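Breakdown of the fold
Below are the chains, spelled out letter by letter.
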Amino acid sequence: MPGHIKKTTGADPDPSPWLCVSHELKVKLKAKPYDPKKSVWVPNKSDGGYIEGLLESKDGAKCTVNVGGEMKVYKEDVVDQVNPPKFDCSDDMAGLTFLGNPCVLWNSVVRYKNELIYTYSGLFCIAINPYKRFPIYTLRTMELYVGKRRNESPPHIFAIAEGAYQGMNLSGCNQSILITGESGAGKTENTKKVISYFATICSSGKRKEGEASLEDKIVQTNPVLEAWGNAKTVRNDNSSRFGKFIRIHFNSAGKLSGADMVVYLLEKSRLTYQQPLERCYHAFYNMMSDQVPDLKEKCLLSNDIKDYWFVSQGKLTVPSIDDREDMQYADEAFDILGFSQDQKYDVFKNTACMMHMGNMCKDFVPVGKEEQAEIKSEVNAEKVATLCGIDVEWMITYFCKPKLKVGTEWVNKGSSCSAAASSVSGIGRAIYERTFRIVVEKCNETLCDPTMKKVHYIGVLDIAGFEIFDYNGFEQICINYVNEKLQQFFNSHMFTLEQEEYVREGLDWANVDFGMDLQKCIDMFEKPMGLLAVFEEESLFPKASDETFCAKLHANLLGKWPNFAKPNPRPDPDAHFAVIHYAATVSYNLTAWLEKNKDPLNDTIVEMIKNGSNSLLIQCFADHPGQPLEAPKDDGGRKKKGGGKTVSSYFKGQLDDLMTTLYKTEPHFIRCVVPNTHKEPGGVESGLVMHQYQCNGVLAGIAICRKGFPNKMLYPEFKGRYNILAAKLVAKAKNDKSAASAVLDIAVKLDKEKFRLGHTKVFFRAGILGYMEEVREDKIGSVLSWLQAGARGKASRMQFKKLQDQKLSLYCCQRAIRSMMMAKTWKWLQIWLAIKPNLKCTQFGKYKKEYEDKIALAEANIDKAISECDAVVATHDRIQGEKQELSLALSSGGSAVQDIIDKTNRLEGMKNDLQKQVDDTKVRVKNEEDLINGIGQAGIKVSADANRLREEIKTLESDCEKAEEDKSTKDNQIRTLREEIAHQEDLIAKLGKDKKGAGEGRQKTEEDIQAMEDRCNHLGKVKGKLEQSLDECEDALEREKKSKGDVEKVKRKVEGDLKLTQEAVSDLERVKTELQQTVMRKEKELSSVGAKIEDEATLGSKYSKQIKELQGRIEELDEELVIERGSRSKAEKNRTTLSRDIEDLGGRLEEAGSNTSTQIELNKKRESELGNLKVDLEESNISHEGTLAAMRSKHNNTMSEMGENIDSLNKMKSKSEKDKGGMERDLMDARAGLDETMRERANMEKNCKMTQGLIVESNTKLDELARALNEADSTKKKLLVEAQDLNRQIEETENAIGALGKNKISLSTQLEDTKRLADAESRDRASLLTKFKMLATECENLKMRIEEEAERKNDTLRALSKAQSEIQLWKSKYETEALGRIDELEGGKAKLGSRVMEAEETIDSLNTKIASTEKTKHRLESELEEIAMEYERTHAAAVITEKRAHNFDKVVGEWKCKADDLMAELDACRSESRNYSSEVFRLKAAYDEANEQLDVVRRENKNLADEIKDLLDQLGDGGRSIHELDKQRRRLE
């Protein structure tokens, strides 16, 4: 049903039952049986869904599951756990503890069957088509979501729209809402609801008098777009056959200020062909509905839609669509959107032209030997020419013989009938598509008000979702390419938000770019020599065909791109290639892709249309170059404007613009889902829903969630729920975070990788929350068992005490019975028993009990008696005191009595005075009451006057408001008139300038004319000279003829070069497009570099800390330098002392020189020792100076580096000061990040120490890996040989299977025939049985109803007699108490009369029901007898067919056994080949990992070796200097 149909009048119903989960439903879901350790989901092959079972046992990779009482074995990877019942009907599926596919499907199915059609899945809002109207889009529903956050209201598209609106107002960023899904999922309806929400809550309230408001215009675009862009498909009666992106603009106050839209991929093939169950676009059938009276006459249409072949190939009417009503809405929408009458009828004419062109295609007939096309009847052609505004003869001529330019001449080329018909249909498709685009552009002009300021916008994208059909063509690959880009956009955005939350909460998390998962497939489409590039190249190549295109694709892409594969022959055996998308592997058939991409048009006809009289058609083909009759002179320097652009390039340009726009917005996602193919409310086909979840990216989004921490819980909620696990630790904890840490680390002992503790939340991996629930339930179970044990112990002890008392009672009874038996025979005992009651000693217990009772009574009353005694004593004391006082007063004398008498006299006088005052006040009160009554009457009059004056004030205020509105409208008119005056003045000024320019041009032309006359005179003189040279030229002509042959040869050569240059130009153009793509990519890189620059700014604080550390290091070096200088000064002092000692020794030796040989030898030895000491001293000085120089150079280098760092940091400091305002907001997060980085630094230092120890181990591992690589190569070769053998065996088995398949098909056909007969008979038998049972039950029900009606009749009769008795009673009461209770009795009489009437009516209705039921009873009994006879006949026939089927089943069973054996062998071979291939892949992966580890270890070895070398050099220098100083010290000592 179209969305522009208005709601009926009346109050809006409460939408809560269709939005919120009721308490009753929650109780019902929690009552479901659930075992946290055994409840599992297993696949259900019958419907493609899942079924719940109980896990009985687990054997390796296989699990035994109890499914409905039957034991089945499944692989471990297909078994999923069931969520606890408290998660059922969850609003957000990303919060489920187990995020497997069955859990997602179960949550969706439960919500949908309970009429909750909207569900969140992370960032997605999933909308499942309910196939019936729910009151959840009313104004009352909109008010529930205005100003609310997403988590404050139930799931709804209004919540998504409100979130986008709030995000736009708060952040100032543009927003986008992406709505995708299959055909019939409700994309267009949800888009309309989102737009109506914005139009309702964001209404500007401004409108001109007599003009529709902007909100009405936005809503009224729907009828026009649905009429010309929607059609009936197999799944959907009102399916949008195009994509659209609608931008709704807002001003700074958040009010509507305009809108525009962009359309994508209108399905043009539907215009010329429709399937039997489908229909063409609604516009054709709306125009034939006679809603607009003069439309058919102006469009030259007949009264029967079947007269037009193009639009009558499928269904002609749709039950759910009223074509007259839709035409009325579309006609009104054209008027509201501002279309003039001429523009509106031009749209209708262009649409009708498409219908007439379909008939014209059948008018072509072949003529002559070459079978050139000619037209047999010009009736349809004349209608087409009239509507297009062109000449019919030339149109027919150019359709049959289009003009082509060969060299510099125009040639008419004859066309065949098929070529002419395809040319006509191509022009028709182009007219319809371009008319649709013009209508959209006109709508954009109307919706875009230039006077209103546009600050932000919210874009709504309505585009088809991922499509997989049996036959996938050009349209499917375009749509799937779009969805690949959109899914990449969603992946990157979704996990960006998730990771931002992790960083905000302070988690230890390394960022992951999940958007790159789809980048390979997108690169395969977009890279140079990718799929689209090859497609464009083949489309522009004149001799290209489908075969060459397929070969080129396989040559360029197969084996080079992992996402390009060979096709799967199962759905489409003629498919040419396959693409591995994120949703599935899709096989594509590229038949006729090149023609669709070129979309060729007859340029001659286009030129005629451009020169025709239809203004709208001229506007449609304005961007087409056409075919001018005379080539313009500057044609060589002008490029084609748009005729050479292919469909794919145009679409890719649109898509690039769309993605650029989306990346600049804040996105929101809505996924629409088709629940079943029968349009049945509440029905769910599990396989269909799971397929759509996979194609829509819902499962991919959940998979991304599973890689992070999808389950989050606030600390107070966590503490309240899991406090029972560690109550003592939680009580001792200082805050909620430490309490959560105590529960998880100490009580549960959960692995650190399974959870994270943030600032405000606890984060869990997928499935951990379910484990926490299990632990909690175990704890609760242990507590309950402890309570049960205590209760059972108490009950057992009470029972034991009871039994013990019974045992003692039995002993007492036994003793009494024995005594009684003894008393019967023993006389002394009888005497004792007779005496005993009279003895006091035997009544001691009796007396004791009496005294005890008295004591207890006394003890009970003693407190009361004591209190009473105390009270009596107190009263006695008080009375005694009063008595003493009175006695003192009496003793004082009679003066007090006289005072009392005087006092009484005075009181009587005062009483009289007061009585007079009371009388006076009563008189005054009476007067005041009279005055009040008068004032009240005057007040009533005044209030009446006030009400009258208020009404007059209201009328005056309304008049004032009207006057103000008139004033505002007049001001607007004055403003517009002033703007027009200013515009006119600008035009006058421009015209004055043009006039001046024209005058100057006229003067220039006059001067040029004079110059040309002078030139003509000069040329006359030259003419004579040229006549003389003419003779010489004639002579030269003969010579030129000879050289003509040579020139023609050169000409051919130049033409060949020209073709080569043209090809080079096309290559250059392709290179240009590639460069444009690189430019766009560089722009994206620039944006990423900008983000990196911001990251570098955040590193400024880290560098400042490094500066402080380096300054500290400099101070340490300065201290070491001071120490070295001190040691150097000490060494110089030692040197001076040594030199002095040496000089003294030399002087002494010279003075005490002797001539003996021994002294000479000693002197020589001493001189040599002195020389050695000098040499050592000089060497030590040199080395010391070298060390000092090295220290100075190092110090200078460090100082220069520090200076450079300080300069760069000063620059960064100035930059950071500029960004200080933005950085202050992130200061808290930065501090938390700083703490984390310090911890990471400490961890890194530990890791560095550990790596030094791991170097030796890595070397040994390298040797082992090298040996493993050699073994892997040998095994790889063996496996390749074995794989070839297995492939050969598989081919042989497949051939055998094909032969068996043929036999199986023949047998299955025979089996189906016999089964069909048996099924028909069994169905008849079953239907008769069911009819018999139904009739029997109906008879019983009717008997019960008759009995009930009889009981009701008796009840009513009893009620009637009771009422009559009550009437008599009331009559008697009326006679006795008539005067006092007349009104009450009259009311009772009326009630009784109404009750009597109701009783009589019920009696009549029951009598009629009894009569009807008796009639139906007789009729059903007769039918029951007939059915019993038919049942006996069919039973006999069924017995015979069952015998036949049993015999045939034996034959089929034998063949099935043979086929199953062969299939088992084939599966075994395939499994072995898969195992071998997986082993090969595993070895390859191990080899790659080993190479990577080898490279890493080599790099680490190299770095560590360099560091060790530097350290050794430093140690060697320091060691040498220390060693030499030690040597000198020893020598000096």
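Residues numbered from 1 in each chain as written. Predicted model: local features only at pLDDT ≥ 70, side-chain atom pairs only at ≥ 80, totals over all residues. Heavy atoms only, no water.

Next up on the list: the overall build of the protein. Tallying secondary structure elements over the protein gives 34 helices and 24 strands in all. Out of the 1533 residues in the protein, the part that is buried amounts to 32%. Contacts in the protein between residues far apart in sequence, at least 24 positions, make up 69% of those at least 6 positions apart. Carbon and sulfur atoms make up 55% of the accessible area of the protein, which totals about 96700 Å². (Helix = DSSP H or I, 4+ residues; strand = E, 2+ residues; numbered from the N terminus. Buried < 20%, exposed > 50% of the residue type's maximum accessible area, 1.4 Å probe, protein only. Contact = heavy atoms within 4.5 Å. Areas by Shrake-Rupley, 256 points an atom, 1.4 Å probe, with all protein chains shown as cover.)

Turning our attention to the confidence of the model for the protein. For the protein, mean pLDDT is 79; residues scoring 70 or higher make up 86% of the total. A low-confidence stretch, residues 1–7 (pLDDT under 50), is modelled with 20 contacts involving residues beyond four sequence positions or located in other chains. The low-confidence segment residues 632–644 (pLDDT under 50) makes nine contacts with residues lying over four places distant or belonging to another chain. (pLDDT = per-residue confidence, 0-100.)

Read from one edge of the open sheet, five strands run S4-S3-S2-S1-S5, paired in antiparallel fashion. The sheet is open, and its two edges are formed by strand S4 (70–75) and strand S5 (80–81), each paired on a single side. Direction of pairing for strand S1 (residues 39–44) relative to strand S2 (residues 49–59): antiparallel, over a ladder of six bridges. For Trp41, the partnering residue across the bridge sits in S2 and is Glu52. Set on the sheet, helix H2 (residues 101–113) makes contact with S1, S2 and S5; between it and S2 the angle comes to about 140°. (Pairing = 2+ DSSP bridges. Axes fitted to C-alpha atoms, helices over the stretch in contact; angles between N-to-C directions.)

Attention shifts here to a negative patch on the surface. Together, Glu957, Glu961, Glu964, Glu965 and Asp966 line one region of the surface with negative charge. Among the secondary structure elements, Glu964 is positioned in helix H30 (residues 895–1151). Residue Glu964 is classed as exposed on the basis of its relative accessible area, which comes to 54%. (Patch = residues over 30% accessible without salt bridge, like charges linked within 9 Å, V, L, I, M, F, W, Y side chains within 5 Å. Salt bridge = Lys/Arg side-chain N within 4 Å of Asp/Glu carboxyl O. Lys, Arg positive; Asp, Glu negative; His and termini not counted. Charge placed at Lys NZ, Arg CZ, Asp CG, Glu CD.)

Despite not being glycine, Leu300 shows a phi value in the positive range, around 60°. Inspection of the secondary structure assignment puts Leu300 in the loop between helix H8 (295–299) and helix H9 (323–336). Overall, the relative accessible area of 29% leaves Leu300 in the partly exposed class.

Here the focus is the nonpolar core. The biggest cluster of nonpolar side chains holds 206 residues, and the ones touching the most others in it are Phe198, Trp228, Phe284, Met395, Phe577, Tyr693 and Phe718. If you tally residues by element for this core, the top one is helix H13 (residues 417–447), at 14 residues. In this structure, Phe718 is in contact with Met713, Asn723, Ala740, Val743, Leu744, Val762, Phe764 and Met772, ignoring residues within four places of it in sequence. Listed in part, the eight residues of the second largest apolar core include Val42, Val67, Tyr74 and Val79. (Core = buried A, V, L, I, M, F, W, Y, C linked by side-chain atoms within 4.5 Å.)

What follows covers the pairing of strand S21 (residues 666–673). Within S21, seven of the eight residues are buried, leaving the element largely enclosed by the surrounding structure. The sheet contact formed by strand S7 (residues 124–128) and S21 spans five bridges and is parallel. What sits directly across from Ile128, in S21, is Val673.

So, on to the packing of helix H11 (residues 379–388) against helix H12 (residues 392–400). Two numbers describe how H11 lies on H12: the axes approach to 9 Å, and their chain directions differ by 110°. By the angle class used here, H11 and H12 are roughly perpendicular. Between H11 and H12 the crossing geometry is right-handed. Across the interface between the two elements, Ala381, Glu382, Val384 and Ala385 from H11 touch Val392, Met395 and Ile396 from H12. For the contact of H11 with H12, the class distribution of residues is six nonpolar, no polar and one charged. (Parallel < 35°, antiparallel > 145°, perpendicular 65-115°, else oblique. Left-handed = near helix turned anticlockwise from the far one by under 90°. Nonpolar A, V, L, I, M, F, W, Y, C, P; charged D, E, K, R; others polar.)

With that out of the way, let us pick up the packing of aromatic side chains. In this structure the tally under the stated criterion is 33 aromatic pairs. Look at Phe334 and Phe348: their rings are 5.8 Å apart centre to centre, the planes differ by 85°, and that puts the pair in the edge-to-face class. Of this pair, Phe334 sits in helix H9 while Phe348 sits in helix H10 (residues 341–361), and the two are 14 residues apart along the sequence. We classify Phe334 as buried; its relative accessible area is 0%. Accessibility expressed as a relative area gives 1% for Phe348, which makes it buried. (Phe/Tyr/Trp six-rings, centres within 6.5 Å; stacked < 30°, edge-to-face > 60°.)

Taken as a whole and assessed by the stated rule, the structure comprises 39 salt bridges. Arg878 is paired through a salt bridge with Glu882; the nearest N and O atoms lie 3.3 Å apart. Separated by four residues within a single helix, Arg878 and Glu882 lie in helix H29 (residues 844–892), roughly one turn from each other. Since its relative accessible area comes to 47%, Arg878 is described here as partly exposed.

Glancing now at the pairing of strand S3 (residues 62–67). Sheet topology places S2 next to S3; five bridges connect them, and they run antiparallel. Counterpart to Asp59 in the pairing with S3 is Lys62. Between S2 and S3, which pair antiparallel and follow one another directly, the connecting turn spans two residues, one of which, Gly60, has a positive phi of 65°. Counted between consecutive antiparallel strands, the loop separating S3 from S4 contains two residues, among which Gly68 sits at a positive phi close to 60°.

Moving on to the sheet that holds strand S12 (residues 256–264). If you walk across this open sheet you meet the seven strands as S6-S7-S21-S8-S17-S11-S12, and the pairing is mixed. Among the strands making up the open sheet, the edge pair consists of strand S6 (118–121) and S12. Between one strand and the next, the sheet's axes are offset by a mean angle of 20°, whatever the strand orientation. The strands touched by helix H5 (residues 187–201) are S6, S7, strand S8 (175–181), strand S11 (243–250), S12, strand S17 (456–464) and S21; relative to S17, the strand with the most contacts, the crossing angle is about 165°.

Taking 1.5 Å per residue as the helical rise, H9 with its 14 residues ought to reach 20 Å, and the 20 Å between its terminal C-alpha atoms agrees with that figure. Looking only at H9, the buried set comprises Asp323, Asp326, Met327, Tyr329, Ala330, Asp331, Ala333 and Phe334. You can read the cap of H9 off the contacts: a side-chain oxygen lies 3.3 Å from the backbone nitrogen of Arg324, and it is on Asp322. Gly338 occupies a position one or two residues after H9 and carries a positive phi of about 90°. (Expected span 1.5 Å × (residues − 1). Polar contact = N/O pair within 3.5 Å; in protein donor to acceptor, adjacent residues only side chain to side chain.)

This part takes up the state of the cysteines. On inspection of all chains with the given rule, the structure shows zero disulfides. The structure places no disulfide on Cys353, whose sulfur is separated from the nearest cysteine sulfur, that of Cys388, by 3.4 Å. Its relative accessible area of 1% is what places Cys353 among the buried residues. (Disulfide = S-S within 2.5 Å.)

Contact pair helix H24 (residues 715–722) / helix H26 (residues 736–747): the axes reach a minimum separation of 9 Å and the direction vectors enclose 45°. Classified by the angle their axes make, H24 and H26 are oblique. Here H24 and H26 pass one another in a crossing that is left-handed. Of the residues in H26, those touching H24 at Tyr715, Pro716, Phe718, Lys719 and Tyr722 are Asp736, Lys737, Ala740, Val743 and Leu744. Taken together, the residues of the contact of H24 with H26 sort by class into seven nonpolar, no polar and three charged.

Turning to the side chain of Glu433, a few remarks are in order. Looking at the element boundaries, Glu433 is found in helix H13. A distance of 3.3 Å separates polar atoms of two side chains, one belonging to Glu433 and the other to Lys268. Among residues more than four places away in sequence, those in contact with Glu433 are Leu266 and Lys268.

Turning to the side chain of Gln175, a few remarks are in order. Tracing the sequence through the fold places Gln175 in strand S8. Reaching out from Gln175, the side chain makes a polar contact with the backbone oxygen of Cys173 at a distance of 3.1 Å. Those residues in contact with Gln175 that lie beyond four places of it in its chain are Ala164, Gly167, Met168, Tyr457, Ile458, Gly459, Thr665, Glu666 and His668.

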